Amino acid sequence: MTHTEASAFEEVNEKVAQAGEILGLKSGVISALSSCEREVVISIPLRRGDDVEVLTGYRVQHSSARGPRKGGIRFHQAVDLDEVRALASLMTWKTALIDVPFGGAKGGVAVDASLLTDIEKEEIIRRWTRSLVHVLGHHRDIPAPDMGTDSKTMAWLMDEFHRLEGFQPACVTGKPVELFGAPGREEATGRGVAMVAAETLRQHSVEVQGATVAIQGFGNVGRYTALVCQELGMKVIAISDVTGGIKDEKGLDIKKFFGKKSLADVEVNERIGAAEVLEVECDVLIPAALGGVINSENMTRINARFIIEGANQPLSISADKSLRESGVFIVPDILANSGGVMGSYFEWTQNIQEFSWPIERFRSELDTRMETAFNNTNRVAEKYSVDLRTAAFIVAVGRVSEAFKLRGSLI
Ligand code: NAD
């Protein structure tokens, strides 16, 4: 991961401190909001042939001020404590920004998910769940998928949790629709990213029809973002995954290869590098894979008018500043990709009520609530004369600090 300037957690806390100062919070309160409530590090012995490999797993609970902690589990070789802290903290700000009754958490295992068999993946998530069951639960901390994990992984997690604690399908979100998942959850993050992209274009009087889009990532977020962008009339001209990228100035037909596991075997005229997609000339650039991919090394080669952050923390703070100064409009992760946790909230409430919504209701509630968050963040940006990321943090930090005060934990 290329967080060259500061660590990922330090970068989030820089924004928290800035928002706290604008809101006039005391320095002790800002310190409290910059710390994690609980951090658990576990070892996960994994059978490898006739030997064992020991992996490291994490669950960081950043805040429960506004509700049970909520956040995904990442399986990736670059996972470490600092990254999990940063992502847990971002969940606190994201859930507050979109006003759902959750706090923030994140989990992970340092392992290359692409090298795991299904049986190994199942063994890892079951062990992760057994070791952490005492801090999990539908009113304590609710995991969800992230990079390297998916609905199948969440089904194994739920099954292990049920063995230990009894029936509680709301203990995890992002489950398969056939097993207490919610129709609409899988597409929710990408759908939200695409909707935000379209709304941003309209806000800047740029025609949505035919607007050119480049996307890094063809996983859960990237592929649904691409699909919905195309459905909304935009032209996806480049997309990449870990195997490399593909490009077509006339527009790629995403529907044609939507179901493919990777882009490696897609038939197309032009192939580009996995990171090269970030430098393609386009209206909208959507990083939807790793963090830290736009940084001081490549920021001068970005060729887009708008950046919509599908991934978490794809821009370093210095790249964010420099690109904004050169006129690029950036929609921050905690707003742009919040459709995922919004969808998780819908799944969680449906599980608790043992009631399920048709997908049309899911989509319309998602669209309405995303629009509210988008408009509110824009209003705050105008009020304080700040960029959208700073505005998003002002809203979120304001809500969490208020909850802290009302709980009586601070004066
Ligand atoms: P995923 O594992 O489903 O997909 C990741 C994609 O990134 C894959 O296509 C992979 O090939 C690609 N990739 C990996 N390394 C790459 C590289 N070096 N260059 C180009 N592509 C590369 O993960 P996801 O769930 O789609 O998550 C992607 C990002 O979105 C992460 O930052 C995650 O935290 C964030 N996010 C996910 C959700 C969600 O609901 N899944 C919600 C909010 C934010």
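Residues numbered from 1 in each chain as written. Predicted model: local features only at pLDDT ≥ 70, side-chain atom pairs only at ≥ 80, totals over all residues. Heavy atoms only, no water.

A.B. asks: Go over the overall build of the chain, please, and point to the residues and values.
C.D. replies: When helices and strands are counted, the chain shows 13 helices and twelve strands. Overall, the chain is about 55 × 55 × 45 Å in size when its C-alpha atoms are taken along their principal axes. Relative to its full complement of 411 residues, the chain shows a buried share of 59%. Contacts spanning at least 24 positions in sequence make up 68% of the contacts within the chain whose residues lie at least 6 apart. Charge centroids of the chain, computed over 46 positive and 56 negative side chains, lie 4 Å from each other. (Helix = DSSP H or I, 4+ residues; strand = E, 2+ residues; numbered from the N terminus. Buried < 20%, exposed > 50% of the residue type's maximum accessible area, 1.4 Å probe, protein only. Contact = heavy atoms within 4.5 Å. Lys, Arg positive; Asp, Glu negative; His and termini not counted. Charge placed at Lys NZ, Arg CZ, Asp CG, Glu CD.)

A.B. asks: An account of the site of the ligand is needed here, citing residue identities and associated values.
C.D. replies: Close contacts around the ligand come from 23 residues, with Arg74, Asp146, Thr189, Val221 and Asn312 the closest. In this structure, an oxygen atom belonging to the ligand sits 2.9 Å away from a main-chain N or O atom of Gly148. Within the complex, the protein chains bury 85% of what would otherwise be the 840 Å² of accessible surface of the ligand. Where the shell around the ligand is concerned, the elements lending two or more residues are helix H6 (185-203), helix H7 (220-231) and strand E7 (235-241). Per-class residue counts for the shell around the ligand are nine nonpolar, ten polar and four charged. Built from parts of two domains, the shell around the ligand gets at least three residues from each of domain 1 (36-169) and domain 2 (188-327). (Near = heavy atom within 4 Å. Polar contact = N/O pair within 3.5 Å; in protein donor to acceptor, adjacent residues only side chain to side chain. Areas by Shrake-Rupley, 256 points an atom, 1.4 Å probe, with all protein chains shown as cover. Nonpolar A, V, L, I, M, F, W, Y, C, P; charged D, E, K, R; others polar. Domains from an automatic or database assignment.)

A.B. asks: Hey, could you go over the domain arrangement of the chain for me, with residue numbers and the actual values?
C.D. replies: We note that the domain assignment places domain 1 (36-169) and domain 2 (188-327) within the chain. Here the C-alpha centre of domain 2 lies 27 Å away from the C-alpha centre of domain 1. Each side of the interface is counted separately: domain 1 has eight residues, and domain 2 has four residues. Regarding the contact of domain 1 and domain 2, the summed buried area is about 460 Å², with carbon and sulfur atoms giving 54% of it. At the junction of domain 1 and domain 2, the tally comes to zero salt bridges. Summed over the shared surface of domain 1 and domain 2, the result is one residue pair in polar contact (both at pLDDT 80 or more). For the side of domain 1 that touches domain 2, the leading source of residues is helix H3 (residues 81-97), giving four residues. In the side of domain 1 that touches domain 2, the residues fall into four nonpolar, one polar and three charged. (Buried area = accessible area lost by both parts, 1.4 Å probe. Salt bridge = Lys/Arg side-chain N within 4 Å of Asp/Glu carboxyl O.)

A.B. asks: Go over the packing of aromatic side chains, please, and point to the residues and values.
C.D. replies: A complete count under the given rule lists ten aromatic pairs for this structure. Look at Tyr224 and Phe258: their rings are 5.0 Å apart centre to centre, the planes differ by 70°, and that puts the pair in the edge-to-face class. Separated by 34 residues along the polypeptide, Tyr224 in helix H7 and Phe258 in the loop between helix H8 (254-257) and strand E9 (270-272) bring together distant segments of the chain. Between Phe306 and Phe329, the aromatic rings sit 6.4 Å apart at their centres with planes inclined by 65°, giving edge-to-face as the arrangement. With Phe306 in strand E11 (residues 304-308) and Phe329 in strand E12 (residues 329-331), this pair connects stretches of sequence that are 23 residues apart. Feature note: the residues Phe102, Tyr345, Phe346, Trp348, Trp357 and Phe362 constitute an aromatic cluster, connected by ring pairs. Over the ring of Phe258 we find Arg223, and its NZ or CZ is 5.9 Å from the ring centre. Positioned above the aromatic ring of Trp357 is the side chain of Arg361, whose terminal nitrogen or guanidinium carbon lies 4.1 Å from the ring centre. (Phe/Tyr/Trp six-rings, centres within 6.5 Å; stacked < 30°, edge-to-face > 60°. Lys NZ or Arg CZ within 6 Å of the ring centre and 35° of its normal.)

A.B. asks: With reference to specific residues and values, describe the pairing of strand E6 (residues 212-216).
C.D. replies: Counting buried residues along E6, five of its five residues qualify, which places the element largely inside the surrounding structure. Of the two faces of E6, the one lined by Thr212, Ala214 and Gln216 and the one lined by Val213 and Ile215 are each fully buried. In this region the chain leaves E6, passes through H7 and returns to the parallel neighbour E7; the handedness of that crossover is right-handed. As defined by bridge partners, E6 adjoins strand E10 (residues 282-287) across four bridges and the pair is classed as parallel. Looking at E10, one finds that Gln216 is bridged to Pro287. (Right-handed = clockwise from strand over helix to strand, strands pointing away. Pairing = 2+ DSSP bridges.)

A.B. asks: Which residues make up the side chain of Thr153, and what values do they have?
C.D. replies: By the element assignment, Thr153 lies in helix H5 (residues 151-165). The class for Thr153 is buried, based on a relative accessible area of 0%. Residues in contact with Thr153, not counting those within four places in the same chain, are Phe75, Lys121 and Ile125.

A.B. asks: Can you lay out the pattern of salt bridges for me, pointing to particular residues and giving the numbers?
C.D. replies: The tally for this structure, following the rule as stated, stands at 29 salt bridges. Where Glu120 meets Arg48, a salt bridge forms, and the shortest distance between an N and an O atom there is 3.0 Å. A residue pair is termed long-range when its members are at least 10 positions apart, and Glu120 in helix H4 (residues 118-132) and Arg48 in strand E1 (residues 38-48) qualify at 72 residues. As a salt-bridge pair, Glu199 and Arg202 come within 2.8 Å of each other at their nearest N and O atoms. Remark: Arg202 and Glu199 occur in helix H6; sequence separation between them is three residues, near one turn of the helix. Taking relative accessible area as the criterion, Glu199 reaches 28% and is therefore assigned partly exposed. Residues joined in a network through salt bridges with shared partners are Glu122, Arg126, Arg130, Asp159, Glu160 and Arg163.

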